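Spelled out, the chains give:
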Amino acid sequence: MEQKNNPTIYWSLLSYGEWNFYIAMTAKGLCYVGSQNALFEELSEWAGKRFPKISLVENEEMLKAYREEIIEYLEGKRKDFTMAFDYNGTPFQLAIWQALCEIPYGQTKSYSDIANSVNKPAAVRAVGAAIGANPVLITIPCHRVVGKNGSLTGYRGGLEMKTKLLELEKSISR
């Protein structure tokens, strides 16, 4: 029996070409997309911090639809995701994550742009923290946020992963 604060989280390793990262879902939807080539401990630690009595269960079949959409994105065949999500955050984090979803495929915005889009122009550091807390990499496109001068800045998945995602989108957008 699943309880609200202690859901079962189903996970799978998504391996496709050079891409290897863990994805996870609850009964409500995708809740986690991990960093490129990260160990299972990244997912385990993330889940343990949010749900004290978490049950992590490997289940490739349950994650099949999520895997398919992410692979279509990695192949350049998908620009938007239609999957269900299950992520929680503060109202500020949710507003930031929604703003990230509004950045067009193949384009980037600065942290200042995002702060301005949520009417918090002085909250650039808080915006950065909210972006860093994004639990579902790729699908909430935090990789599209760059420094004010266009430089690549921090990314939970690592700058190599961020670079690959931006290059993929730019090559498809041409």
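Because the structure is a prediction, the values reported are computed rather than measured.

Caption draft 1: Up close: the domain arrangement of the chain. By the assigned domains, the chain splits into domain 1 (8–75) and domain 2 (91–172). Between domain 1 and domain 2, the C-alpha centre-to-centre distance is 21 Å. In this assembly, 15 residues from domain 1 lie in contact with 14 residues from domain 2. Approximately 1,300 Å² of surface area, both sides summed, lies buried where domain 1 meets domain 2, with 64% of it carried by carbon and sulfur atoms. Summed over the three residues of domain 1 that lose the most area to domain 2, namely Trp19, Val33 and Tyr73, the buried surface amounts to 46% of that side. At the surface where domain 1 touches domain 2, the tally comes to two salt bridges. Across the pair glutamate 42 and arginine 156 runs a salt bridge whose closest N-O atoms are separated by 3.8 Å.

Caption draft 2: Geometry of the UniProt feature "domain: Methylguanine DNA methyltransferase ribonuclease-like" (unreviewed entry) in the chain. Feature annotation in UniProt assigns "domain: Methylguanine DNA methyltransferase ribonuclease-like" (unreviewed entry) to the following positions: residues 9–86. Between the C-alpha atoms that bound residues 9–86 there is a distance of 11 Å. The span itself is 28% helix and 29% strand.

Caption draft 3: Structural detail: the pattern of salt bridges. Following the criterion strictly, the structure yields seven salt bridges and no others. With its nearest N and O atoms 2.9 Å apart, the salt bridge here joins glutamate 72 to arginine 78. The partner of glutamate 75 in a salt bridge is lysine 77, and the shortest N-O contact between them spans 3.3 Å. Taking relative accessible area as the criterion, glutamate 75 reaches 32% and is therefore assigned partly exposed. Overall, the relative accessible area of 64% leaves lysine 77 in the exposed class.

What counts, and where the lines are drawn
- Along each chain, the written sequence defines residue order, and numbers are assigned to residues from 1.
- Residue-level local features of this predicted model are given only where pLDDT is at least 70; pairs of side-chain atoms are given and counted only at 80 or more, and the full residue set underlies all totals for whole chains, interfaces and linings.
- Hydrogens and waters are ignored; side-chain quantities use all the structure's heavy atoms.
- Marked domain ranges trace back to an automatic or database domain assignment.
- We call two residues in contact when some of their heavy atoms are within 4.5 Å.
- Two parts placed together each lose some accessible area under a 1.4 Å probe, and the buried area is that loss summed for both.
- By definition here, a salt bridge exists when the distance from a side-chain nitrogen of Lys or Arg to a carboxyl oxygen of Asp or Glu is within 4 Å.
- UniProt positions are given in the numbering used here, feature names are shortened, and annotations may be inferred rather than shown by experiment.
- Think of it this way: any DSSP run of H or I at least four residues long counts as a helix, any run of E at least two long counts as a strand, and we number them from the N terminus.
- Working definition: with a 1.4 Å probe on protein chains only, accessible area under 20% of the residue-type maximum means buried, over 50% means exposed, and in between means partly exposed.

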